[in-house]
Amino acid sequence: MEAIYADTKYRDVPVEEKQRLFDQVKSDMRWEETLYGCYECGICVAACPSARFYDFSPRVYAQIMAREDIHAFYELLNDSMWDCSQCFSCTRCPRQNNPGGIITIMREVAVNNGLESAKAALTAYSRIIYKIMSTGTQVAPDMLQPDFFPDWGPDVTAVSENLDIWRRMVPPETLHTTELAWDVAEKTRVELFLIWKLTGNLEMIESLDEGIFMILEEVMEELLEEHGYDIDDIDSVI
Ligand code: SF4
Ligand code: SF4
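Because the structure is a prediction, the values reported are computed rather than measured.

Section: the side chain of T34
Topologically, T34 is positioned in the loop between α1 (15-26) and α2 (43-47). Its relative accessible area of 3% is what places T34 among the buried residues. Reaching out from T34, the side chain makes a polar contact with the backbone oxygen of W31 at a distance of 2.6 Å. Those residues in contact with T34 that sit more than four places away from it in its chain are Q96, N97, N98, G101, I102 and I105.

Examining the packing of helix α4 (residues 58-66) against helix α5 (residues 70-78)
Direction vectors running N to C along α4 and α5 enclose 140 degrees, while the axes themselves pass 8 Å from each other. The angle between α4 and α5 places the two elements in the oblique class. Between α4 and α5 the crossing geometry is left-handed. Contacts between α4 and α5 pair V60, Y61, I64 and M65 from the former with A72, F73 and L76 from the latter. Within the contact of α4 with α5, the residues separate by chemical class into seven nonpolar, no polar and no charged.

What about the layout of surface pockets?
When its volume is computed, the largest pocket comes out at roughly 590 Å³. Forming the walls of the largest pocket are 17 residues, and the residues nearest its centre are W82, V111, L122, I129 and M204. The set of elements that each furnish at least two residues to the lining of the largest pocket consists of α6 (99-112), α7 (116-123), α8 (126-135) and α13 (201-208). When residues of the lining of the largest pocket are assigned to domains, at least three fall in each of domain 1 (15-121) and domain 3 (186-237).

Rules of the game
- Residues numbered from 1 in each chain as written.
- Chains lettered and ligands numbered in written order.
- Predicted model: local features only at pLDDT ≥ 70, side-chain atom pairs only at ≥ 80, totals over all residues.
- Heavy atoms only, no water.
- Helix = DSSP H or I, 4+ residues; strand = E, 2+ residues; numbered from the N terminus.
- Buried < 20%, exposed > 50% of the residue type's maximum accessible area, 1.4 Å probe, protein only.
- Polar contact = N/O pair within 3.5 Å; in protein donor to acceptor, adjacent residues only side chain to side chain.
- Contact = heavy atoms within 4.5 Å.
- Axes fitted to C-alpha atoms, helices over the stretch in contact; angles between N-to-C directions.
- Parallel < 35°, antiparallel > 145°, perpendicular 65-115°, else oblique.
- Left-handed = near helix turned anticlockwise from the far one by under 90°.
- Nonpolar A, V, L, I, M, F, W, Y, C, P; charged D, E, K, R; others polar.
- 1 Å grid on protein atoms, 1.4 Å probe; cavity = no way out; pocket = protein on both sides within 12 Å on 5 of 7 lines; lining within 4 Å.
- Points joined across faces, edges and corners; volume = space filled by probe spheres on them.
- Domains from an automatic or database assignment.

Here is the structure:
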């Protein structure tokens, strides 16, 4: 479908490329449950935390995607989409639209296609990606120290002072300390590594950040080999 308004920012990107990416979003099995028409009531915007802080609107996603404006879609895909905090407050929509869900699919398409916007957005999370994919877990409660997170401001000091007591109010023991939270069973790590590999997640990381990919592959290869798997020939082993 032709654009409803003139494309200005990404006019050099071929229409076919925009259409190809749009088609990937639309062919996702979740797509059918994200859009049912829009009243333009603005409830999603009022509920959206990102709309308060950025030039961002969930209503725009519902409308642009519904009218299949591939030029505007491409602009969203490369810009404001990364401002969504994926809280899904926008599902209060009276038409049962799910702008946050549309953005989830769009982000996956951006990552799977190694778009520059995806690389830029995920660069800041490279340490987190590495930690989650190599250990199966990430931030443990007692990591919440003022020195580690200076960007979190003065509140983190007050919270961290009594963190031990706060955390012991949380039922799962693994949420109490770093030691417990990072004690992921080897069997679980092997299963996770197989999942990362078999679902193509590892290759997806390679297209985004080759450095992290190489470190991750090395960590995974070592553990998988110990358990009789050949990382380069996983499909035949399973
Ligand atoms: S999921 Fe995204 S679009 Fe929806 S309310 Fe949250 S931040 Fe806004
Ligand atoms: S809440 Fe739903 S119907 Fe209202 S503007 Fe947002 S997407 Fe449209």
